[in-house]
Amino acid sequence: MPRPRHHPAALDQLGRVDPADLDATPTGRTTLVLIAHANSETGTIQPITELAATAHRHGALFYTDAAQTVGKIPVDVQDLGVDLLTVVGHKMYAPKGIGALYIRTGIPLRPVIFGGGQERGLRSGTENVAFIVALGAAAQLAQEDLVATAVRLAHLRDLLHHELDAALPGRVHLNGDPDHRLPGTLNVSISSVDSRALLAAIPDLAASTGSACHDGPSPVLAAMGLSARSAVRLSLGRSTSEEEVKQAARLLADQVLATPSMCKE
């Protein structure tokens, strides 16, 4: 069986895939297009509806990883027009180790794990009922105050950016799309700073230089034509307070200003 070929889609400077670029990418052998609904590092939200329609025009199926969006912004598989969509439980306050796969009616899938047929013949194994219930409860809780929570987190995200910018004027630069992004994710580069050294010097702040599942320079920022050396990824959750946001900004700014060795022009 021939190995599948992978053709990465190009990103613009804001981290979005242009449907026109995708339109020029597929070959006659393209059967599946995979694009995450929102990027885990920058929070940039992709135009999935247009991208899925483009894939379908080429006769390909469209799959999106919605780990970063379900429970944070409204997600409707019908509006998106996707064929496959995944949900990750711990990204929406369910336990780690549970998720869900949406499969559009009529999409045939071959099992990877063979065995008992109790899971519609798609995989073997016994369902983790407790975790399944927990995922459903987490989804229900998220749905009840989804819009209000998104508005509050967007306010805190923008406050965090403002506080950093005020403390470090001219040195804080947004990575990602300023309009199409997750309400609780802020990725910025701080000029003349080594972000790994910066975060290592602030043990009271839980932040990262990129994705938790990738070690080394960010391929996302590289694809956007940006350097990952000075990038910091900051995320907010349901329990984050305004005071915590201001404290995080102070910790970052004070450390940058107090450490001249980080300011290598």
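Figured I'd write up the structure that's included with this text.

Helix and strand content of the chain: 8 helices and 7 strands. Each principal axis of the C-alpha distribution contributes one length, and for the chain these read about 60 × 45 × 30 Å. Looking at the 265 residues of the chain, the share that counts as buried comes to 41%. Contacts in the chain between residues far apart in sequence, at least 24 positions, make up 64% of those at least 6 positions apart. Element-wise, carbon and sulfur atoms account for 56% of the exposed surface of the chain, whose accessible area totals about 14800 Å². With 23 positive and 27 negative side-chain charges, the chain shows a spacing of 7 Å between the two charge centroids.

Among the structural elements, Arg120 can be located in the loop between β4 (99–103) and α4 (129–144). Looking at Arg120, the relative accessible area reads 82%, which means it is exposed. Put simply, Arg120 and His37 are 83 residues apart on the chain and 27 Å apart in space, counted from C-alpha to C-alpha.

Let's shift gears to the sheet that holds strand β2 (residues 61–65). Pairing in this open sheet of 4 strands is mixed, and the strands run β1-β2-β3-β4 from one edge to the other. Every other strand in the sheet has two partners, leaving β1 (32–34) and β4 as the edge strands with one partner each. The average angle at which neighbouring strand axes cross in this sheet is 15 degrees, direction not considered. By the bridge criterion, 5 bridges tie strand β3 (residues 84–88) to β4 in an arrangement that is antiparallel. In the sheet register, Val87 faces β4, and the bridge partner there is Ala100. Packed on one face of the sheet, helix α2 (residues 48–57) meets β1 and β2 and runs near 150 degrees to β2.

All of the buried residues in α2 are Ile48, Leu51, Ala52, Thr54 and Ala55. Buried residues of α2, viewed axially, fall in a sector of 160 degrees; they line one side. Looking at the buried side of α2, the elements it contacts are α1 (19–23), β1, β2 and α3 (77–80). The first or second residue beyond α2 is Gly59, which carries a positive phi of 80 degrees.

Strand direction decides the pairing type here: β1 and β2, joined by 3 bridges, are parallel. Residue pairing in the sheet places Leu32 in a bridge with Leu61 of β2. On the question of chirality, the crossover connecting β1 to the parallel β2 by way of α2 is right-handed. In terms of strand pairing, β2 meets β3 through 3 bridges, oriented parallel. Bridge pairing links Tyr63 to Leu84 in β3.

This next bit is on the pairing of strand β7 (residues 231–235). Counting buried positions along β7 gives 4 out of 5 residues, so the element sits mostly inside the fold. Two strands pair when backbone bridges link them, and strand β6 (residues 185–190) and β7 are joined in this way by 5 bridges, in the antiparallel orientation. Bridging from a neighbouring strand, Thr185 pairs with Ser235 of β7.

The next subject is the nonpolar core. Judged by nonpolar contacts, the single largest core of 24 residues is most densely connected at Leu160, Leu164, Leu198, Leu234 and Leu252. Those elements giving two or more residues to this core turn out to be α5 (146–167), β6, α6 (195–200), β7 and α8 (242–258). Broken down by element, the residue count for this core peaks at 6 residues, all from α8. Look past the residues within four positions of Leu164 in its chain and what remains in contact with it is Val172, Val188, Leu234, Ala249 and Leu252. Counting residues in hydrophobic clusters, the runner-up holds 22 residues, among them Val33, Ile35, Ala52 and Ala66.

About the criteria used
- Residues numbered from 1 in each chain as written.
- Predicted model: local features only at pLDDT ≥ 70, side-chain atom pairs only at ≥ 80, totals over all residues.
- Heavy atoms only, no water.
- Helix = DSSP H or I, 4+ residues; strand = E, 2+ residues; numbered from the N terminus.
- Buried < 20%, exposed > 50% of the residue type's maximum accessible area, 1.4 Å probe, protein only.
- Contact = heavy atoms within 4.5 Å.
- Areas by Shrake-Rupley, 256 points an atom, 1.4 Å probe, with all protein chains shown as cover.
- Lys, Arg positive; Asp, Glu negative; His and termini not counted.
- Charge placed at Lys NZ, Arg CZ, Asp CG, Glu CD.
- Pairing = 2+ DSSP bridges.
- Axes fitted to C-alpha atoms, helices over the stretch in contact; angles between N-to-C directions.
- Arc of directions from axis to C-beta.
- Right-handed = clockwise from strand over helix to strand, strands pointing away.
- Core = buried A, V, L, I, M, F, W, Y, C linked by side-chain atoms within 4.5 Å.

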